[in-house]
Amino acid sequence: MPVVAFLGLGAIGTPMARHLATPEFSLRVWNRTAAKAADFASEHDATHAATPREAVDGADFIVTCLSTSADVEALLDGPSGIEAGLADGAMFIDCTSGDPATSQRIAVRLAKKNVAFLDAPVSGGVAGAEIGTLTVMVGGDAKALERANAVIDAFAEKIVHCGAVGAGHALKAINQAMLAVHIWSLGEGLAALARAGVKPAVALEVINASSGRSNTSQNLFPQRVLTRAFPRTFRLALLDKDVGIAARVLREQKIPAPMIQLAAELMSMARRELGEEADHVEAVRVIERMGGEVID
Ligand code: NDP
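Residues numbered from 1 in each chain as written. Predicted model: local features only at pLDDT ≥ 70, side-chain atom pairs only at ≥ 80, totals over all residues. Heavy atoms only, no water.

*Asks:* Just to check I follow, could you spell out the pairing of strand E1 (residues 3–7) for this structure?
*Replies:* Along any regular strand the residues' side chains alternate between the sheet's two faces. Burial within E1 is extensive, with five of its five residues counted as buried. Neither face of E1 is left uncovered, since the one carrying Val 3, Ala 5 and Leu 7 and the one carrying Val 4 and Phe 6 both have all their residues buried. Where E1 lies against strand E2 (residues 26–30), five bridges are found, and the strand directions are parallel. Bridging from a neighbouring strand, Phe 6 pairs with Val 29 of E2. In the sheet, E1 pairs with strand E4 (residues 61–64) via four bridges, with the strands oriented parallel. Pairing of Phe 6 across the sheet is with Val 63, part of E4. (Buried < 20%, exposed > 50% of the residue type's maximum accessible area, 1.4 Å probe, protein only. Helix = DSSP H or I, 4+ residues; strand = E, 2+ residues; numbered from the N terminus. Pairing = 2+ DSSP bridges.)

In structure tokens:
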């Protein structure tokens, strides 16, 4: 039975890890806030490790789902870092929405220990993680992905090999930049329409039958903004991080990117205004404050 170490039981990591708590795998979990790992192990077919080093010791697969690539890289470091505990031939699957450059550095480092690295960020949100229907975009060696497939498949509906290490992270970041643009542009548009006397529900009915529609207009706004529910599933701070990565990818590739650069600035501003715990859709609250118009 393959031993899987899962590190990072956050909003999306927890439901992902649940799909690995099956008789098919021997699952060990670790989380920085230890109580979350202890609670997980008491409720699922898993053991919890006191340190990340203990979790990865001799594991066949290591899955990470932390906030940033810097957090993943930091786990490797130092005398108590996990790098020293990685087994020869192990597979490192990083599901963090990270940055390509850091992942490329990590992959080179791990290759020296005969540990394969895949960047495997996910999309589909907490709801998709709960029902195991995430889309996973993978960067790295195709043969390594074949080996990792059974583990990733536990929480995925769709697994797409995108290219070399870093390709998954680059693609995820661009997707997130588009999400930010959709949220902000729809927020501005609906605020103006509301002021002009068009109810947001009416505007969405038309937009969702027209070419401007998106997941943001079809799902996020009707379920979260118009209801004023604003559930906290994906932190704005993480979206800000993602759009910042997208802006860097564009700069590195020397593609002029005024729109994505502006989206990055708007997300950073919204994060500063709303704080670290706000949900990403709450960025709309900033538009509402600026314009003095509530979208409900
Ligand atoms: P959360 O903020 O809910 O959780 C972050 C996790 O990372 C927690 O387990 C946290 O530990 C851990 N962590 C943060 N910093 C460190 C550190 N320095 N060292 C060790 N552990 C650390 O984030 P999510 O679960 O929502 O997101 C995780 C990743 O998945 C992010 O990259 C995000 O962008 C991405 N993602 C999230 C989606 C979502 O809908 N939530 C959708 C798609 C991708 P602790 O519990 O101690 O804080």
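*Asks:* Teacher, can you tell me more about the site of the ligand here?
*Replies:* Around the ligand sit 26 residues in total, of which Ala 11, Asn 31, Thr 33, Lys 36 and Thr 233 are the nearest. Here Asn 31 contributes a side-chain N or O atom positioned 2.7 Å from an oxygen atom of the ligand. For the ligand, whose free accessible area comes to 900 Å², the fraction covered by protein is 87%. Judged by its atoms lying within 2 Å of the grid points, the ligand is housed in the largest pocket. Elements with a contribution of two residues or more to the shell around the ligand: helix H6 (125–131) and helix H11 (236–252). Considering only residue class, the shell around the ligand consists of ten nonpolar, ten polar and six charged. Lining the shell around the ligand are residues from two domains, each supplying at least three of them: domain 1 (3–164) and domain 2 (170–291). (Near = heavy atom within 4 Å. Polar contact = N/O pair within 3.5 Å; in protein donor to acceptor, adjacent residues only side chain to side chain. Areas by Shrake-Rupley, 256 points an atom, 1.4 Å probe, with all protein chains shown as cover. 1 Å grid on protein atoms, 1.4 Å probe; cavity = no way out; pocket = protein on both sides within 12 Å on 5 of 7 lines; lining within 4 Å. Sits in = over half its atoms within 2 Å of the grid points. Nonpolar A, V, L, I, M, F, W, Y, C, P; charged D, E, K, R; others polar. Domains from an automatic or database assignment.)

*Asks:* Help me understand unusual backbone geometry, please; the structure alone is not making it clear to me.
*Replies:* When glycine is set aside, most residues are seen to have a negative phi, and most peptide bonds are trans. One non-glycine residue with positive phi stands out, namely Asn 114, at about 60°. Counting through the fold element by element, Asn 114 comes out in the loop between helix H5 (100–111) and strand E6 (116–119). By relative accessible area, which is 45% here, Asn 114 ends up partly exposed. Here the phi dihedral of Arg 228 falls at roughly 60°; this positive angle occurs in a residue that is not glycine.

*Asks:* Help me out: how do you make sense of the domain arrangement of the chain in this one?
*Replies:* Interface size is often expressed as the accessible area that is lost when the parts come together. Domain annotation of the chain identifies domain 1 (3–164) and domain 2 (170–291). Each of domain 1 and domain 2 was reduced to a C-alpha centroid, and the two centroids are 28 Å apart. Contact residues are listed per partner, giving 13 residues for domain 1 and eleven residues for domain 2. Note on domain 1 versus domain 2: buried area summed over both sides is about 880 Å², and carbon and sulfur give 66% of it. Run the count over domain 1 and domain 2 and you get zero salt bridges. Remark: the boundary between domain 1 and domain 2 carries three residue pairs in polar contact (both at pLDDT 80 or more). For the side of domain 1 that touches domain 2, the class distribution of residues is seven nonpolar, five polar and one charged. (Contact = heavy atoms within 4.5 Å. Buried area = accessible area lost by both parts, 1.4 Å probe. Salt bridge = Lys/Arg side-chain N within 4 Å of Asp/Glu carboxyl O.)

*Asks:* Which parts of the structure should I look at to understand the layout of surface pockets?
*Replies:* Remark: the empty space left among the atoms is shown by a probe the size of a water molecule rolled over them. There is about 1500 Å³ of room inside the largest pocket. In terms of lining residues, the largest pocket is bounded by 47 residues, among which Ile 12, Thr 233, Phe 234, Arg 235 and Leu 238 are the most central. Listed by contribution, the elements that provide at least two residues to the lining of the largest pocket are helix H4 (69–76), strand E7 (122–123), H6, helix H8 (167–195), helix H10 (215–225) and H11. Grouping the amino acids of the lining of the largest pocket by side-chain chemistry returns 16 nonpolar, 21 polar and ten charged. Of the domains in this structure, domain 1 (3–164) and domain 2 (170–291) are the two that each give at least three residues to the lining of the largest pocket. (Points joined across faces, edges and corners; volume = space filled by probe spheres on them.)

*Asks:* What exactly am I supposed to notice about the pairing of strand E8 (residues 134–139) here?
*Replies:* Among the six residues in E8, five count as buried, and that is most of the element. The pairing of E7 with E8 spans two bridges and is antiparallel. Within E8, the position partnered with Val 122 by the bridge is Val 136. Summarising the sheet, E8 and strand E9 (residues 156–163) pair through six bridges and their orientation is parallel.

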